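Below, each chain spelled out in residue letters.
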Amino acid sequence: MNEDEQTPLIPESALPPAAPKARPPLSADASLQATLGLFGQYMEEEGFSENTRKAFISDVRLLGKFLGIGQPIGEIGTQNLNDFLNWLLFERGVPCRPKSYSRRVTTLKVFFGWLYETGVLYFDPSSAVVQSSVSSPLPTLPTEDEITQSLAITAGWRQKGDARPHLLLTLLLDTGVKKGEAMAMVPNHVDRSDPDGPFLYIRYKNPRLRYKERKISLDPAWLEVFDEYLRQYRPPDTVFTCTARNLEYILHDVAETAGLPDGRLSFENLRWVSALRDLRGGVEPDHIRERLGLSRISWRETKAKLFRLTDAEKLP
């Protein structure tokens, strides 16, 4: 991508430095119980959904029930985790559905991966845990034909005087930004110092999330749509002057006009499409991770799903 060769609108020296991931105030002697609050905080900062956070915390508590909630995290090894999984399947006395088992394996890898990456643990006991044979379901994404049809619809609305739907759809496809990131955009986050290589800067007000900040290359043709939108809406601060729900309604209206199932053109699905296009185009996986603003822990499952999606495309 050669992103570092571009000259930003604001000199890099004037930009707030990206904060490294802070080590949680824990030691290897800390108990499982002591980690729960900080683990929940980590997942919230990473953008895990509320339901996922609750499920993962519950899974760690269940591990505590098996090992003892006061068990020091530094004394938990791979064999302990495999014994725990075996207990879930065969000894607990409560049926463990395949999807629940798969999620609990993921919980272990996210939880201990977080402790290892932040330097609390010197090794990751979950790295050698037996993987679940059950995979989480793949998202149902719009096809390229459906994307082309949707773009034709928003282009038509643009010709009639409303550039916002086309701006939104092309932005999501081009950058893969999340809903909250789109809502936080301001006009000067678009660096057009090089018209042939513009960039979008993703910024976070919360200092704890500075490590998610990044710059994403933009299609130069998008600047024309952007300028048209600015003339029409004259946003006083953030680019999108409406609520996040209104942006969801826009995507819903596009999908409905195109005859697509409700939810097919969601923010999340378009983020997947953007990443999948990068993967098909030969972009290095780690560059895709950086473009999406994901930590290496969060990237594990995302990367696996992307490769499963590409494998599914090859099936007759």
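Residues numbered from 1 in each chain as written. Predicted model: local features only at pLDDT ≥ 70, side-chain atom pairs only at ≥ 80, totals over all residues. Heavy atoms only, no water.

Regarding helix α1 (residues 32-46)
Since the α-helix packs 3.6 residues into each turn, any two residues three or four apart lie on the same face.
Here comes step 1: Given a rise of 1.5 Å per residue, 15 residues ought to cover 21 Å, and the 20 Å separating the end C-alpha atoms of α1 matches this to within 8%.
Here comes step 2: Its maximal kink placed at L38, α1 deviates by approximately 30°.
Here comes step 3: Inspection of α1 places L32, T35, L36, F39, G40, Y42, M43, E45 and E46 among the buried residues, and these make up the whole buried set.
Here comes step 4: At the C-terminal side of α1, G47 shows a positive phi close to 90°. (Helix = DSSP H or I, 4+ residues; strand = E, 2+ residues; numbered from the N terminus. Expected span 1.5 Å × (residues − 1). Bend = angle between axes of the 7 residues up to and from the residue. Buried < 20%, exposed > 50% of the residue type's maximum accessible area, 1.4 Å probe, protein only.)

Overview of the confidence of the model for the chain
Here comes step 1: Taken residue by residue, the chain gives an average pLDDT of 87. The fraction at 70 or more is 90%.
Here comes step 2: Counting contacts from residues 1-20, a segment whose pLDDT is below 50, to residues more than four positions away or on other chains yields 33 contacts. (pLDDT = per-residue confidence, 0-100. Contact = heavy atoms within 4.5 Å.)

Some words on the pattern of salt bridges
Here comes step 1: Under the counting rule described, the total for this entry stands at 16 salt bridges.
Here comes step 2: As a salt-bridge pair, E50 and K54 come within 3.3 Å of each other at their nearest N and O atoms. Note that E50 and K54 are positioned in helix α2 (residues 50-67) at a spacing of four residues, about one turn of the helix.
Here comes step 3: Using a relative accessible area of 48% as the deciding quantity, one classes E50 as partly exposed.
Here comes step 4: For E228, the salt bridge identified is with R158, shortest N-O distance 2.9 Å. On the criterion of sequence distance, the pair formed by E228 in helix α8 (residues 222-233) and R158 in helix α5 (residues 144-159) is long-range, its members being 70 residues apart. R158 carries the same exposure label as E228, and that label is buried.
Here comes step 5: Taken together, the shared-partner salt bridges in this structure form one network comprising D59, R103 and R104. (Salt bridge = Lys/Arg side-chain N within 4 Å of Asp/Glu carboxyl O.)

Remarks on the environment of E144
Here comes step 1: Inspection of the secondary structure assignment puts E144 in helix α5.
Here comes step 2: Classification of E144 by relative accessible area gives partly exposed; the value is 32%.
Here comes step 3: With 129 residues separating them in the primary sequence, E144 and V273 have C-alpha atoms 9.0 Å apart.
Here comes step 4: Once you skip the residues sitting within four places of it in the chain, E144 turns out to touch V273, R277 and R280.
Here comes step 5: Here the side chain of E144 touches R277 through a polar contact of 2.9 Å, side chain to side chain. (Polar contact = N/O pair within 3.5 Å; in protein donor to acceptor, adjacent residues only side chain to side chain.)

Quick notes on the environment of E46
Here comes step 1: Tracing the backbone shows E46 in helix α1.
Here comes step 2: As for E46 and G293, which are separated by 247 residues in sequence, their C-alpha atoms are 9.4 Å apart.
Here comes step 3: Contact partners of E46, with chain neighbours within four places excluded, come to K178, Y211, K212, S295 and S298.

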